[in-house]
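Chain by chain, the residues run as shown.
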Amino acid sequence: MSIADLKARMTGGDRLVGTFLKTPSVDLIEILSGSGLDFIVLDAEHAPFDRMRLDACLAVGRALDFPLLVRVPAGTPDELLKVLDAGAVGVVVPHVDSAEKAEIVARSSRFGPGGRGYAGSTRWAGFATRSMAEVLQQAKDETIVIAQIEEVEGVEAIDAIAGCDGIDGVFIGPADLSVSLGKSDINSPELGEAMQRVGEAAKTHGVAYITWVPGPEKAAEWDKYGFTTYVAASEHSWMLAGARAAAAGIKR
């Protein structure tokens, strides 16, 4: 998977798998780029990514031609601008629960009136080595904007969110949405009903449909809702599972 291919494949319905990266480490990006994963989402919402660490990780992703998205802490214009300028192929924006929020996120991530500020001197733009026309076309071809649906209100407004010009995908956050539904796990019928409703809207509006899963078993269970892209676990989960298995096996 190359950076240039990700948007077309994700919005085209190819089956893709990524993961969340919680540790701000360029070494882990180098390692995971050879794992068979299609992309990584740097989790700047729930993990300690400061601007310099994000910048370093995104530089390595660009150098490897390996797609890195960033889950920003908030869908504000400044948060979106800094990660896109630094080289992120796209953004995952938490708590998009209304058409108004979706419109702000989409506009702030795109060039145009009232939108993303243009600079040809950034890493994403090739450090002033490409023309304005090339950079603007790159934005149309590559930049991915994903809205996370994590509240009941987001489910209620899903047709307007998925249909918002500039939104390329919707991402069910199963944990937050379950909490919003008053549940204490991700296995309730109510969550399944919400996933079905959001999936139908994603299909109607031709946008990618994404969720987080702990592993392949849950992905197989949730395929029926129409997901094509999965963000599987995180490097924390995989390191802990591997360490536990090794320790238990040797002690046996």
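As the structure is a prediction and not an experimental result, all values here were calculated from the model.

S.K.: Account for the overall build of the protein, naming residues and giving values.
M.R.: Along its length, the protein carries 12 helices and 8 strands. Summarising its shape, the C-alpha atoms of the protein cover approximately 60 × 45 × 30 Å along the three principal directions. Sorting the 252 residues of the protein into buried and exposed places 51% on the buried side. When the accessible surface of the protein is summed, it comes to about 11,200 Å², and 55% of that surface belongs to carbon and sulfur atoms.

S.K.: Account for the packing of helix α1 (residues 3-11) against helix α6 (residues 132-142), naming residues and giving values.
M.R.: The geometry of a pair of packed helices is captured by two quantities: the angle between their axes and the separation between those axes. At their nearest, the axes of α1 and α6 sit 8 Å apart, and the two run at 45° to each other. Looking at the two axes, α1 sits oblique to α6. Between α1 and α6, the residues in contact are Ile3, Ala4 and Lys7 and Ala139, Lys140, Asp141 and Glu142, respectively. Counted by class, the contact of α1 with α6 contains 3 nonpolar, no polar and 4 charged residues.

S.K.: With reference to specific residues and values, describe the packing of aromatic side chains.
M.R.: The way to describe two aromatic rings as a pair is by their centre distance and the angle between their planes. This model, assessed by the stated rule, comprises 6 aromatic pairs. Residues tyrosine 209 and phenylalanine 227 carry aromatic rings whose centres are separated by 4.1 Å and whose planes lie at 25° to one another, so their mutual orientation is stacked. Of the two residues, tyrosine 209 sits in strand β7 (residues 208-213) while phenylalanine 227 sits in the loop between α11 (216-222) and β8 (229-234), which places them 18 residues apart along the sequence. Among the aromatic residues, those joined into a cluster by ring pairs are Tyr209, Trp222, Phe227 and Tyr230. The side chain of lysine 22 reaches across the aromatic face of phenylalanine 20, ending 5.3 Å from its centre. A cation over an aromatic ring shows up here: arginine 116 above the ring of tryptophan 124, its NZ or CZ 4.4 Å from the ring centre.

S.K.: Give me the lowdown on α6, citing residues and values where you can.
M.R.: Every buried residue belonging to α6 is among Val135, Gln138, Ala139 and Glu142, and all of these are buried. For α6, the angular spread of buried residues about the axis comes to 100°, placing them on one side. Away from its buried face, by an angle of more than 90 degrees, α6 presents the exposed residues Ala133 and Lys140. The secondary structure elements touched by the buried residues of α6 are α1, α3 (51-64) and β5 (144-149).

S.K.: Before we move on, can you summarise the pattern of salt bridges with the specific residues and values?
M.R.: Any two side chains of opposite charge can pair, given that their charged atoms come close. For the structure shown, the criterion picks out 15 salt bridges. The partner of glutamate 45 in a salt bridge is arginine 71, with the nearest N and O atoms 3.3 Å apart. Residue glutamate 45 is found in the loop between β2 (39-43) and α3, and its partner arginine 71 is found in strand β3 (residues 68-71); the two are separated by 26 residues along the sequence. A residue is classified by how much of its surface remains accessible, and arginine 71, at 6% relative accessible area, is buried. Arginine 197 is paired through a salt bridge with glutamate 156; the nearest N and O atoms lie 3.5 Å apart.

Parameters and conventions
- Residues numbered from 1 in each chain as written.
- Predicted model: local features only at pLDDT ≥ 70, side-chain atom pairs only at ≥ 80, totals over all residues.
- Heavy atoms only, no water.
- Helix = DSSP H or I, 4+ residues; strand = E, 2+ residues; numbered from the N terminus.
- Buried < 20%, exposed > 50% of the residue type's maximum accessible area, 1.4 Å probe, protein only.
- Areas by Shrake-Rupley, 256 points an atom, 1.4 Å probe, with all protein chains shown as cover.
- Axes fitted to C-alpha atoms, helices over the stretch in contact; angles between N-to-C directions.
- Parallel < 35°, antiparallel > 145°, perpendicular 65-115°, else oblique.
- Contact = heavy atoms within 4.5 Å.
- Nonpolar A, V, L, I, M, F, W, Y, C, P; charged D, E, K, R; others polar.
- Phe/Tyr/Trp six-rings, centres within 6.5 Å; stacked < 30°, edge-to-face > 60°.
- Lys NZ or Arg CZ within 6 Å of the ring centre and 35° of its normal.
- Arc of directions from axis to C-beta.
- Salt bridge = Lys/Arg side-chain N within 4 Å of Asp/Glu carboxyl O.

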